Amino acid sequence: MRKLRVAIVGSGPSGAFCAEALAEEAEYDISIDVFEKLPTPFGLVRYGVAPDHQKIKSIVASLAEIFEMPGVRFLGNVTVGSDITMDELREHYDAVILAAGAPLDRRLGILGEDLRGVVAARNFVSWYSGHPDAAFDTSLLDAERAVVVGVGNVALDVARMLVRTPDELRRTDVPEHVIEALAEHAVREVHVIGRRGAEHAKFTNKEFLELTEVASADVVVSPSELATPEVESARASAGPATSRLLAALQAAADRPLHGRSRSIHFHFDRTPVEFIGDTAVRAIQLAQTSAPETLSTLEAGLVLPAVGYRSAALEGVPFNESTGTIPHRDSRVVEGDEPVPGLYVVGWIKRGPSGVIGTNRLCASETTGAILEDAPLLRDAGSSPEAVDELLDARGVEVVDWSRWLAIEAAETTRGAAAGRDRVKLHDRLGMLAAAGVSVR
Ligand SMILES: Cc1cc2nc3c(=O)[nH]c(=O)nc-3n(C[C@H](O)[C@H](O)[C@H](O)COP(=O)(O)OP(=O)(O)OC[C@H]3O[C@@H](n4cnc5c(N)ncnc54)[C@H](O)[C@@H]3O)c2cc1C
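It should be emphasised that the depicted structure is a prediction, and the values quoted were computed from it without experimental measurement.

How each quantity is defined
- Residues numbered from 1 in each chain as written.
- Predicted model: local features only at pLDDT ≥ 70, side-chain atom pairs only at ≥ 80, totals over all residues.
- Heavy atoms only, no water.
- Axes fitted to C-alpha atoms, helices over the stretch in contact; angles between N-to-C directions.
- Helix = DSSP H or I, 4+ residues; strand = E, 2+ residues; numbered from the N terminus.
- Parallel < 35°, antiparallel > 145°, perpendicular 65-115°, else oblique.
- Left-handed = near helix turned anticlockwise from the far one by under 90°.
- Contact = heavy atoms within 4.5 Å.
- Pairing = 2+ DSSP bridges.
- Buried < 20%, exposed > 50% of the residue type's maximum accessible area, 1.4 Å probe, protein only.
- Right-handed = clockwise from strand over helix to strand, strands pointing away.
- Phe/Tyr/Trp six-rings, centres within 6.5 Å; stacked < 30°, edge-to-face > 60°.
- Near = heavy atom within 4 Å.
- Polar contact = N/O pair within 3.5 Å; in protein donor to acceptor, adjacent residues only side chain to side chain.
- Nonpolar A, V, L, I, M, F, W, Y, C, P; charged D, E, K, R; others polar.
- Domains from an automatic or database assignment.
- Arc of directions from axis to C-beta.
- Buried area = accessible area lost by both parts, 1.4 Å probe.
- Salt bridge = Lys/Arg side-chain N within 4 Å of Asp/Glu carboxyl O.

Student: Sorry if this is basic, but what is going on with the packing of helix H6 (residues 121-128) against helix H7 (residues 153-163) here?
Tutor: Packed helix pairs are characterised by how far apart their axes lie and by the angle those axes make with each other. Running from N to C, H6 and H7 point in directions that differ by 55 degrees, and their axes come no closer than 10 Å. With respect to each other, H6 and H7 are oriented oblique. Two packed elements cross with a definite hand, and for H6 against H7 that hand is left-handed. Contact residues: Ala121, Phe124, Val125 and Tyr128 in H6; Val154, Asp157, Val158, Met161 and Leu162 in H7.

Student: Sorry if this is basic, but what is going on with the sheet that holds strand S8 (residues 217-221) here?
Tutor: Within a beta sheet, neighbouring strands are joined by backbone hydrogen bonds and run either parallel or antiparallel to one another. Sheet architecture is open: five strands sit in the order S8-S9-S7-S6-S13, paired in parallel fashion. The sheet is open, and its two borders are formed by S8 and strand S13 (302-305), each paired with just one other strand. Shown here is a sheet whose adjacent strand axes are inclined to one another by a mean of 20 degrees, direction ignored. Its contacts with the sheet place H7 against strand S6 (145-149), strand S7 (189-193), S8, strand S9 (262-267) and S13, and it is angled at close to 160 degrees to S9.

Student: Please explain the environment of Leu156 as it appears in this structure.
Tutor: In this structure, Leu156 sits in helix H7. Judged by relative accessible area, which is 0%, Leu156 ranks as buried. Considering only alpha carbons, one finds Leu156 and Phe208, 52 residues apart in sequence, at a separation of 7.3 Å. If we ignore the near neighbours within four places in the chain, the residues touching Leu156 are Phe203, Glu207, Phe208, Leu211 and Phe266.

Student: How do you make sense of the pairing of strand S1 (residues 3-9) when you look at a structure like this?
Tutor: Put simply, side chains in a regular strand alternate between the two faces of the sheet. For S1, a buried count of six out of seven residues is recorded, marking the element as mostly surrounded by other parts of the structure. In this sheet, strand S2 (residues 29-36) lies alongside S1 in parallel orientation, the contact comprising seven bridges. When the bridges of S2 are listed, Val6 appears paired with Ile32. Crossover connection from S1 via helix H1 (residues 13-23) to parallel S2: handedness right-handed. As defined by bridge partners, S1 adjoins strand S4 (residues 95-98) across four bridges and the pair is classed as parallel. The partner of Ile8 across the bridge, within S4, is Ile97.

Student: What's the story with the packing of aromatic side chains in this structure? I'm lost.
Tutor: One pair of aromatic rings is described through two measures. These are the centre distance and the angle between the planes. By the definition in use, this model includes 16 aromatic pairs. Between Phe74 and Trp402, the aromatic rings sit 5.7 Å apart at their centres with planes inclined by 90 degrees, giving edge-to-face as the arrangement. Here Phe74, found in strand S3 (residues 72-76), pairs with Trp402, found in helix H17 (residues 402-418); they are 328 residues apart in sequence, far enough to count as distant. Assessed through its relative accessible area of 3%, Phe74 is described here as buried. You can call Trp402 buried: its relative accessible area is 10%. Each ring, one from Phe208 and one from Phe266, has its centre 5.5 Å from the other, and the planes form 70 degrees; the classification is edge-to-face. Of the two residues, Phe208 sits in helix H10 (residues 205-212) while Phe266 sits in strand S9, which places them 58 residues apart along the sequence. The exposure classification of Phe208 matches that of Phe266, with both residues buried. Put simply, the rings of Phe42, Phe67, Phe74, Trp402 and Trp405 touch in pairs and so form one group of aromatic residues.

Student: Hey, could you run me through unusual backbone geometry in this one?
Tutor: For residues that are not glycine, phi is negative in most cases, and the peptide bond is trans in most cases. In this structure, Asp269 takes a positive phi of about 60 degrees despite not being glycine. For Asp269, the position within the fold is in the loop between S9 and strand S10 (270-276). With phi around 75 degrees, Ser331 is a residue other than glycine that occupies positive phi space. Tracing the sequence through the fold places Ser331 in the loop between strand S15 (328-329) and strand S16 (332-335).

Student: Explain the site of the ligand to me, please; I cannot follow it from the model alone.
Tutor: Around the ligand, 33 residues are found, and the nearest of them are Ser14, Glu36, Leu44, Trp348 and Ile357. Contact distances for the ligand include 2.7 Å between an oxygen atom and a side-chain N or O atom of Ser14. Between the ligand and Ile357, the relevant distance is 2.9 Å, taken from an oxygen atom to a main-chain nitrogen or oxygen of the residue. Contributions of two or more residues to the shell around the ligand are made by H1, S2 and H7. Partitioning the shell around the ligand into residue classes produces 18 nonpolar, twelve polar and three charged. Counting contributing residues, the shell around the ligand receives three or more from each of domain 1 (3-103 + 311-399) and domain 2 (105-309).

Student: How should helix H9 (residues 176-184) be read in this particular structure?
Tutor: Residues spaced three or four apart along an α-helix point in a common direction, a consequence of the helix completing one turn every 3.6 residues. Val178, Ile179, Ala181 and Leu182 are the residues of H9 that are buried. For H9, the arc enclosing every buried residue in end-on projection is 165 degrees, short of the 170-degree limit, so these residues lie on one face. The inward-facing, buried residues of H9 abut H6, H7, helix H8 (166-170) and S9.

Student: Just to check I follow, could you spell out the domain arrangement of the protein for this structure?
Tutor: Interfaces are often described in size by the accessible area the parts lose on coming together. Parsing the protein into structural domains produces domain 1 (3-103 + 311-399) and domain 2 (105-309). Placing the centre of domain 1 and that of domain 2 at their C-alpha centroids yields a distance of 33 Å. Both faces considered, domain 1 and domain 2 share a buried interface measuring about 1,400 Å² in area, 58% of it formed by carbon and sulfur atoms. Three residues stand out in domain 1 for area buried against domain 2, namely Tyr47, Pro51 and Asp52, and they jointly supply 40% of the buried area on that side. For the pair domain 1 and domain 2, the number of links is two salt bridges. Note that Arg160 and Asp52 form a salt bridge whose closest N and O atoms lie 2.7 Å from each other. When grouped by side-chain class, the residues that make up the side of domain 1 that touches domain 2 number nine nonpolar, three polar and two charged.

Student: For this particular structure, what's the right way to read the pattern of salt bridges?
Tutor: Side chains carrying opposite charge are able to pair once their charged atoms draw close together. One pass over the structure, following the stated rule, counts 31 salt bridges. For Asp389, the salt bridge identified is with Arg73, shortest N-O distance 3.1 Å. In this pair, Asp389 is assigned in helix H16 (residues 385-394) and Arg73 in strand S3, connecting sequence segments 316 residues apart. Given a relative accessible area of 33%, Asp389 falls into the partly exposed group. Its relative accessible area of 25% is what places Arg73 among the partly exposed residues. Across the salt bridge formed by Glu232 and Arg235, the nearest N and O atoms sit 3.5 Å from each other. With a gap of three residues between them, Glu232 and Arg235 both fall in helix H12 (residues 229-237), about one helical turn apart.

Below you can see the structure in the form of C-alpha cells.
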C-alpha cells in the first residue's frame, strides 16, 4: 500500500478535520504531522469561542480524539516559518496542508484608528481567552463607556464578556487575572454599532437572546431603530432567521428596563467616520449610513472594532492581499494560474474568516479529497518522522507532543480544583512549557 506523509500547519478545527479524514482513509497508509506554533491545540476553539459557551467548547473532546488517532502526531510549540521553514516541510512531506487560520485584524481604515484605546476585538478576545501572546492594556477598562463596532457574533461575545459578573466568569475556564480585571473595571455602558440597518444584523437570534438573559445588564434597543421602512419591509418578506431576530430585537425594545448596573445599547445604520482624541480616543464620530450628512458623536474611552479577523501571509506561499487568503483552485494552492505541487489549503486561510466550526469539516473534506485525487502523482518525499524530529532537535526546538499537552491540561485541571473551579487556563508560554515538563533554556 502506498504510504503518504502529510504535514498540516495549524491545529484548529480545519487542520484537525483534515487529519481525521486522512487518518480514516483506507486506500493509503497516511501518516500526519500537525504543526502548531502554540504549545496548545485547537486554535480558535480554545482562543476564540467565548469562555461562557462551554457547550460549544465541548467539541474539544472530539477534536482531542483526532489527535490520538493512529498515524496522527501533534507537534506543538513549533512555528512553521521560523522553527522549520516551508521549504523544509515540502522536502520532508509528500503533501502540506496550510490550516493557519486568521491571526490578524481587518481594519476600518478611518482616522484615529491607531489612538490608544482603539483595540481590535481580537486582542480583547485573546486576552480573556488566556492566549499566551495576547497584549491587552487592562487600564483601558477604566473607561465608563465602551463601543463595539460591528454586529456579528464576535461583537456580541465581546459585549457580553464586558458585563459578565465574576461569579459567572468563575463557571468558565478564564484565567484568574482576567476575572480580577473584569471584576474591577469601570465600564458601565457598552454601545454596539452596526453600519447597516437592524434587518442586516449578522449576529444570530440565539446570541442576542443570550445577551438579554445576562443578569447584570439591561439590553437597550430604541424603538426608533426598528421603525424604518427597511425593517418594515424585511418583517414582511425576510426569511425565518431575520424575522426571528427582528422579533427578538422588537421584544427587547418593548420591554421595560430593569435598572441594572450595566447596559448594552444597540445602534444601527451608523458608520464610524473618525475616532477622536489627541493620543487616546475620547469619542467616535458616526454618520447615519442612509443619510451620511447626519453626524453624531459618542464619547467613549474604549473602542473595540469587531469587524473581522484576517489571515497572515506565510513565508514562501502565494497570498492574495486584497482577500487576505491563500489563492487556490479546488483547495490546491495556485501561483498565478499554476497549482503548486503538493500544497493545499483549508479553513479560514482558504475561505476568509467566516463560518462556524462545522463549516470547516466540509471545507476539510474538499481539501483531503483533492489530496487523495492527486495522491498517485504526488512526489514521494522519502523522509521519516525521525528525520523531522532530528531537525527540530538540532535547532533546540522543544516540541510539545500530545503527552506534553495532556500534562498542560492536567495542570489546568489541578489549578481549577484548587480554586473550586473545573479548570483554570494557563496563559503564559513559560508556565505552559513548565507544566509540559519542558526544560526551558
Ligand atoms: C471570537 C470568535 C468566536 C467564535 N465563536 C464560535 C462559536 O461560538 N461557535 C462556532 O462554531 N464557531 C465560532 N467561531 C469560529 C471558529 O472558531 C472558526 O470557524 C475556526 O476556528 C476556524 O478554524 P481554522 O482551523 O481555520 O483556524 P484556527 O482555529 O484559527 O486555527 C489555526 C491554527 O493555526 C496555528 N498557526 C498559525 N500560524 C502557524 C504557523 N506559522 N505555524 C504553526 N501553527 C500556526 C494557530 O496558532 C492556530 O492554532 C468563533 C471565532 C472567533 C474569532
